[in-house]
Each structure stands twice: as structure tokens, then as C-alpha cells.
Amino acid sequence: MHAETKAGVDMPVEQGEVQTVQLIDGPALAVSRIEAPLRPFLLVHSESADSTVWGQVAGRLVEAGHEIAAVDLRGHGRSETPATGYDTDTSADDLSTLLDQLGYTGARSPIVAGHGWGANVALSLAARRDGITGLCLIDGGWTRPAWRYPTFEEFWASTNPDSPQDDGDPLLARRRSIAHSVFLGEPRAWYPLIGVPVVLCPVVPPDGVSDPDGGGTATRTGIAEALGGLPRARVSWYYGVGARMLTADPGRIADDLLTLAADAEPSIS
């Protein structure tokens with residue numbers, strides 16, 4: 001559907017057309033889509049979230065003339081929940097198939113933005129598929145937990161202190177499977193394969209800015225590695241807004257995405 005907005009009014013993702021796309025050799029994914037004339041954005045949520053977290057950002061992108069497709073990853077939101085496939089690369093493969101089936105190829109190849117674990121998925125997608133025009137990694141993507149934690153169980157216990165290791169619950173099993181793929185991930189291997197413009201959006205202070213909690217060291221290391229490995233990357237620091245940045249500062253995120261869209265357009269000589 002085509003949507004019109006008044007200036008300055010947020011337009012929730014729910015106002016878009018919700019499509020159920022049955023992937024070839026994959027699950028059925030729910031996609032909230034708002035058509036518009038300019039290059040599309042594929043918006044990818046974090047683990048245990050769904051596409052609705054992008055509502056305030058999506059409204060601003062559509063207002064600027066861009067199409068958006070906000071997807072519920074397998075096992076999330078309104079998408080199908082298959083028994084297996086809960087890891088970063090499998091979810092990225094789902095999105096690669098989805099792009100083909102949505103017609104997001106050629107002149108309509110998208111800019112992909114991922115939040116949290118969704119940024120890891122977006123990074124895997126961009127590294128292993130041609131036809132991504134730009135990439136935005138928000139509070140994730142550069143994560144290398146094995147650098148800080150000797151074992152997966154220590155990583156899991158640190159990030160999920162109230163969750164049991166295994167109680168037979170299928171949802172918990174899916175979450176642990178996703179976390180295990182993040183723990184084993186090596187984003188540095190993907191960086192040289194990504195030649196499109198990339199914007200990195202961490203939520204910790206940069207070097208030289210006070211970090212009272214002292215929790216930003218691993219992120220700053222990951223950002224430095226990403227800037228060193230990605231040929232066309234820049235960083236936009238979001239310290240002070242926390243993990244809920246999509247709702248805490250949607251206007252600035254939309255501005256970063258629109259700047260990325262402008263940078264990603266081929267120059268006319």
C-alpha cells in the first residue's frame with residue numbers, strides 16, 4: 001500500500017501492508033511493507049523483538065520518500081516458528097531469499113539496517129550476497145563475545161542471569177541457539193567482503209569521553225576492528241540512550257539512515 005504522512009508525524013509500521021511471504025525452501029515470514037518511490041530499506045529487529053520496534057524510524061523514512069520492509073525473523077513476531085535454524089547465518093539466508101521474492105534487486109536493491117542481533121544477521125547477509133546497497137549496524141554486528149568469555153555458558157550466564165541453562169522450554173532453546181551463533185561468530189572475516197557504505201551505531205561513549213560504568217571497552221574494540229576492516233565505514237556514537245535507541249532517538253537514527261542512503265546512491269559523472 002502507499003502511505004502518506006503529515007510532516008513530523010510518526011507512522012507506525014503497523015500502518016503498512018503486512019504480507020506473509022512463504023520463502024522457497026524456508027519458513028513463512030511476516031513483512032510490514034510501505035511502498036514509496038525511493039530506494040527501499042530492509043529493517044531487521046533484534047533477538048526476542050519483532051518488526052514493530054522500527055515504527056518511529058520507519059515513519060520518518062517513508063516521509064522522506066523511501067520504501068520500507070520491516071521483517072519478523074523466523075520464530076519472532078508473526079512469522080512461522082520452524083523447529084530448527086535459529087542462528088545468524090540461517091536467518092541471513094532467509095533474508096536473502098526474501099529480497100529476491102520481494103523484488104529488491106537491481107535498481108531496487110535495498111539498504112539493510114539491523115539492530116542488536118539483527119545487525120549480526122544484516123552483516124552476514126551483506127557479506128555473502130551481492131546487491132546490498134548500504135548497511136547500518138545498530139548496537140551490534142561487531143560483537144565477538146569469545147574475546148571476553150572463555151566459554152559459551154559463561155557468556156550466556158552473563159547476558160541472561162535470570163534464565164536457566166536448559167529447562168526444556170522451546171523458546172529458551174531457540175534463544176540459546178541464537179546466542180551460541182553470536183558467541184561463535186567472527187565478524188572480522190566478513191568485513192573485507194563488504195564494499196558498500198556502512199554506518200556503525202554503538203551505544204557506548206567513544207574514546208576520550210567519560211565512561212562511568214566502564215562497560216564500553218569491548219564495544220570500542222569491536223568498532224575499531226570494524227573501522228579497520230570495512231572499506232567504507234563511519235561511526236555515529238549513541239552513548240546515553242541505551243539499548244532502546246530505536247524509540248529513544250528515532251529521529252537521529254532516521255537521519256543517519258537517510259545520510260547513508262544518499263552516500264550509497266551511485267554518482268552520476
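Quantities reported herein were computed from a predicted structural model and do not represent experimental measurements.

Colleague: Would you mind going over the packing of aromatic side chains with me for this structure?
Modeller: Here the distance between the centres and the angle between the planes together describe a pair of aromatic rings. Taken as a whole and assessed by the stated rule, the structure comprises five aromatic pairs. For the ring pair Y149 and F155, a centre distance of 5.6 Å and an interplane angle of 50° mean the geometry is tilted. Of the residues examined, Y149 reaches a relative accessible area of 16% and is grouped as buried. On the accessibility criterion, F155 (10% relative accessible area) is buried. The structure contains a cluster of three or more aromatic residues connected by ring pairs, namely Y149, F152, F155, W156 and F183.

Colleague: Just checking my understanding: could you explain the state of the cysteines for this structure?
Modeller: Note on terminology: a disulfide is the covalent bond linking the sulfur atoms of two cysteines. Under the defined criterion, the tally for this structure stands at zero disulfides. Summary of cysteine pairing: C136 is not part of a disulfide, and the nearest cysteine sulfur, belonging to C201, is at 4.0 Å. Take C136: its relative accessible area is 1%, and that puts it in the buried class.

Colleague: Help me out: how do you make sense of the packing of helix α1 (residues 55–63) against helix α8 (residues 250–264) in this one?
Modeller: Any two packed helices are characterised by how steeply their axes cross, that is the angle between the axes, and by the distance between the axes. For the pair α1 and α8, interaxial distance at closest approach is 9 Å and the crossing angle is 45°. Relative to α8, the element α1 lies oblique. When the axes of α1 and α8 are compared, the crossing they make is right-handed. Between α1 and α8, the residues in contact are Q56, V57, R60 and L61 and P250, G251, I253, A254, L257 and L258, respectively. When grouped by side-chain class, the residues that make up the contact of α1 with α8 number seven nonpolar, two polar and one charged.

Colleague: Can you help me understand the layout of surface pockets in this one?
Modeller: A probe as big as a water molecule, rolled over the atoms, marks out the empty space that is left. Its volume calculated, the largest pocket comes out at about 1,200 Å³. Lining the largest pocket are 38 residues, with G116, W117, D139, T143 and T159 positioned closest to its centre. Broken down by secondary-structure element, the contributors of at least two residues to the lining of the largest pocket are α3 (117–128), α4 (152–159), α5 (170–184), α6 (217–229) and α7 (245–248). For the lining of the largest pocket, the element with the highest residue contribution is α6, accounting for five residues. Empty space within the second largest pocket amounts to approximately 190 Å³. Taken together, 13 residues form the lining of the second largest pocket, with T88, D89, G185, E186 and W190 sitting closest to its centre. At the level of elements, α2 (88–102), α3 and α5 are the ones that each hand at least two residues to the lining of the second largest pocket. Of all the elements, α5 adds the most residues to the lining of the second largest pocket, at three residues. Its residues placed into classes, the lining of the second largest pocket shows five nonpolar, five polar and three charged.

Colleague: Is there a simple way to explain the side chain of R144 in this structure?
Modeller: Here R144 lies in the loop between β6 (134–138) and α4. There is a polar contact of 2.6 Å between the side chain of R144 and the side chain of E225. When residues no more than four places from it in sequence are discounted, the contact partners of R144 are E186, P187, R188 and E225.

Here is what the cut-offs are and how they apply
Residues numbered from 1 in each chain as written. Predicted model: local features only at pLDDT ≥ 70, side-chain atom pairs only at ≥ 80, totals over all residues. Heavy atoms only, no water. Phe/Tyr/Trp six-rings, centres within 6.5 Å; stacked < 30°, edge-to-face > 60°. Buried < 20%, exposed > 50% of the residue type's maximum accessible area, 1.4 Å probe, protein only. Disulfide = S-S within 2.5 Å. Axes fitted to C-alpha atoms, helices over the stretch in contact; angles between N-to-C directions. Helix = DSSP H or I, 4+ residues; strand = E, 2+ residues; numbered from the N terminus. Parallel < 35°, antiparallel > 145°, perpendicular 65-115°, else oblique. Left-handed = near helix turned anticlockwise from the far one by under 90°. Contact = heavy atoms within 4.5 Å. Nonpolar A, V, L, I, M, F, W, Y, C, P; charged D, E, K, R; others polar. 1 Å grid on protein atoms, 1.4 Å probe; cavity = no way out; pocket = protein on both sides within 12 Å on 5 of 7 lines; lining within 4 Å. Points joined across faces, edges and corners; volume = space filled by probe spheres on them. Polar contact = N/O pair within 3.5 Å; in protein donor to acceptor, adjacent residues only side chain to side chain.

This is a description of form; function is not addressed.
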